[in-house]
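Reading the structure
So you can see what is in the structure, the chains are spelled out below.
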Amino acid sequence: MLIKPEEISDIIRKKISDYDSKMKVDEIGYVTNAGDGIVQIYGLNNCMAGELIDFGDGIYGMAMNLEEESVGCVLLGGEMTIKEGTIAKRTGRPVSIGVGDEIIGRVVNPLGEVLDGREAYKIDEYRDTEFLAPNVMVRESVNKPLQTGILAIDSMVPIGRGQRELIIGDRQTGKTAIAIDTIINQKEEDVICIYVAIGQKSSSIAGVVETLKKHGAMDYTIVVSATASDSAPIQYLAPYSGCAIAEYFMYKGKDVLIVYDDLSKHAQSYRAMSLLLRRSPGREAYPGDVFYLHSRLLERAAKLDQAHGGGSITALPIIETLAGDVSAYVPTNVISITDGQIYLESELFFSGQRPAINAGLSVSRVGGSAQTKAMKKLSGRIRIDLAQYRELASFAQFGSELDKATQNKLIQGERVLEVLKQPQYMPLSVPKQVVILYAAVNGYLADIDNKDVQAFCKGLVNHIENNAKEIFEEIRIKKDFDKETEENIIKNINDYKTIFKA
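Please read these numbers as outputs of a predicted model, since none were measured by experiment.

Let's talk about the nonpolar core
Core analysis: the biggest nonpolar cluster contains 69 residues, and Ile 183, Leu 212 and Ile 342 have the highest contact counts within it. No other element matches helix H12 (residues 430-441), which puts nine residues into this core. If near-sequence neighbours (up to four positions away) are discounted, Ile 183 is found in contact with Cys 193, Tyr 195, Leu 212, Ala 217, Tyr 220, Thr 221, Leu 257 and Val 259. Membership of the second largest hydrophobic core comes to 57 residues, among which are Ala 238, Tyr 240, Ile 313 and Ile 319.

Okay, structure coming up:
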């Protein structure tokens, strides 16, 4: 075999020209103290707040405290395996979650890992869990309604797309039920829904998923689950991960509804983390930045202008009060951040008024501009009827003789209250709501027994569905009704009343 020197020199020259010296530099530190899911790391001098720290073996943490000598880091799993001397490596990027169109219909944890027993979804991009809220210049005012299907809300506290409407009340007053009904009602509305469960029992979350599946709502819903057994950092991360998923769809021009259930437990998980990180406690032992915790989350809900895709995120945060105390630290904080609140009262709930919405304390600050014209014509009178009823009911209980006008107002108030009762998982479309409200506010139910009002309303809707469907069609298309349609509604109410009484 002949060895040609020129061939060897050619090979050496090629190797030299192709040689690429890439040096990989990692900034590493060492764990000096570990316990309760919190670690102190020495050596990460250039670490950023909120940066993802890699401990190897698929275990990650999030940098929270940047101190002179060390970095305080919360672990996102693997609490039992990290000990003193473990190597910690900077990743140079913030905590993020993988998102993609295939995430719709899935149950995931705040790190993007699937929990529904199916294969992992296809990731199109990674989005930071902490992201700047859209600025004032790219937003537009709320102008399109988000229909909940709940008569009491759509008439008195309307919600617009891009709004933040707080649901507040004691435990077991139907807060989650309102959120679930709203998700179920988005079936025909082309709205992607995200339900973020924070610190709830696994069985409760499984029940919610089962309910959504039963009503066909999981086809457009994503559930982000951080159960009560998950660590405080995982619970803390849940709403931010849910919001990152929502932003992926919003910036693609879609309308998104996100439910945070609930932010009281989120604040508690942040308090637990902060105390373990030795941050100074303030009022009710919460750290000083607990307001910023929720304001930077809820400000990410927005309605973008057409130049930026026209997408929106509507946020329904839930807050649990203790014995109706809305002046506690976290409830007052969240009330001041949101665009209104739906206040649920235990007394109303146990008296059988469900949903137990207190019309006097519930308010929507921007939703009125998004309400349909047909609703606007009727909704103002409901509040007046209820206000007059509440005022007179306290006098009526003394049993004194009442004049005819007062009796009529009391009867009208009772009928309106009865109309506002609505069974769970049975949302109503806007045309049906308009017809029922029209009958209620114009006194057509005064001669119907209070116990028969619900049956009458149900029968009236079916009667119009079968005999005068054009009424529903016009209200659905025009979002309003003219004089001719109004006369048609009155005729059908009177026709059905004759049948009902017979």
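Moving on, there is more to tell.
Here we look at the sheet that holds strand E5 (residues 70-75)
Hydrogen bonds between backbone atoms are what pair the strands of a sheet, whose relative direction is either parallel or antiparallel. The six strands lie next to each other as E1-E2-E5-E4-E3-E6, forming a closed barrel whose pairing is antiparallel. Each neighbouring strand pair of the sheet contributes to a mean axis angle of 45°, computed without reference to strand direction. As paired elements, strand E1 (residues 28-35) and strand E6 (residues 87-94) share three bridges and run antiparallel to each other. Within E6, the position partnered with Ile 28 by the bridge is Lys 89.

With respect to the packing of helix H5 (residues 232-250) against helix H6 (residues 263-276)
What describes two packed helices is the angle between their axes and the distance between those same axes. Interaxial distance between H5 and H6 falls to 8 Å at its minimum, and their mutual angle equals 135°. Put simply, H5 runs oblique to H6. For H5 against H6, the interelement crossing comes out left-handed. Between H5, through Ala 232, Pro 233, Gln 235, Tyr 236, Pro 239 and Tyr 240, and H6, the contact on the second element is made entirely by Lys 265, His 266, Ser 269, Tyr 270, Ala 272 and Met 273. Of the residues that constitute the contact of H5 with H6, the class distribution is eight nonpolar, three polar and one charged.

A short note on a nonpolar patch on the surface
Together, Ile 8, Ile 12 and Ile 16 give the surface a local cluster of nonpolar side chains, amounting to about 290 Å² of exposed area. By the element assignment, Ile 8 lies in helix H1 (residues 5-18).

Let's talk about helix H7 (residues 290-298)
Note that an α-helix has 3.6 residues per turn; residues three or four places apart therefore point the same way. By the criterion of burial, H7 is predominantly enclosed, with seven of the nine residues buried. Within H7, burial applies to Val 290, Leu 293, His 294, Ser 295, Arg 296, Leu 297 and Leu 298. In the core, the buried residues of H7 are packed alongside H5, strand E13 (255-261), H6, strand E14 (312-320) and helix H8 (329-337).

Overview of unusual backbone geometry
Omega for the peptide link from Asp 261 to Asp 262 comes to -5°, which places this bond in the cis form. Inspection of the secondary structure puts Asp 262 in the loop between E13 and H6. One non-glycine residue with positive phi stands out, namely Arg 278, at about 65°. Checked against the element boundaries, Arg 278 lands in the loop between H6 and H7. A residue is classified by how much of its surface remains accessible, and Arg 278, at 77% relative accessible area, is exposed. Of note, the phi angle at Glu 284 is positive, near 55°, even though the residue is not glycine. As for its placement among the helices and strands, Glu 284 is situated in the loop between H6 and H7.

Brief notes about the side chain of Asp 339
If you trace the backbone, Asp 339 turns up in the loop between H8 and strand E15 (340-344). Excluding residues that lie within four positions of it along the chain, Asp 339 makes contacts with Gln 163, Arg 164, Glu 165, Ser 364, Arg 365 and Val 366.

The rules behind the values
- Residues numbered from 1 in each chain as written.
- Predicted model: local features only at pLDDT ≥ 70, side-chain atom pairs only at ≥ 80, totals over all residues.
- Heavy atoms only, no water.
- Core = buried A, V, L, I, M, F, W, Y, C linked by side-chain atoms within 4.5 Å.
- Buried < 20%, exposed > 50% of the residue type's maximum accessible area, 1.4 Å probe, protein only.
- Helix = DSSP H or I, 4+ residues; strand = E, 2+ residues; numbered from the N terminus.
- Contact = heavy atoms within 4.5 Å.
- Pairing = 2+ DSSP bridges.
- Axes fitted to C-alpha atoms, helices over the stretch in contact; angles between N-to-C directions.
- Parallel < 35°, antiparallel > 145°, perpendicular 65-115°, else oblique.
- Left-handed = near helix turned anticlockwise from the far one by under 90°.
- Nonpolar A, V, L, I, M, F, W, Y, C, P; charged D, E, K, R; others polar.
- Patch = residues over 30% accessible without salt bridge, like charges linked within 9 Å, V, L, I, M, F, W, Y side chains within 5 Å.
- Areas by Shrake-Rupley, 256 points an atom, 1.4 Å probe, with all protein chains shown as cover.
- Salt bridge = Lys/Arg side-chain N within 4 Å of Asp/Glu carboxyl O.

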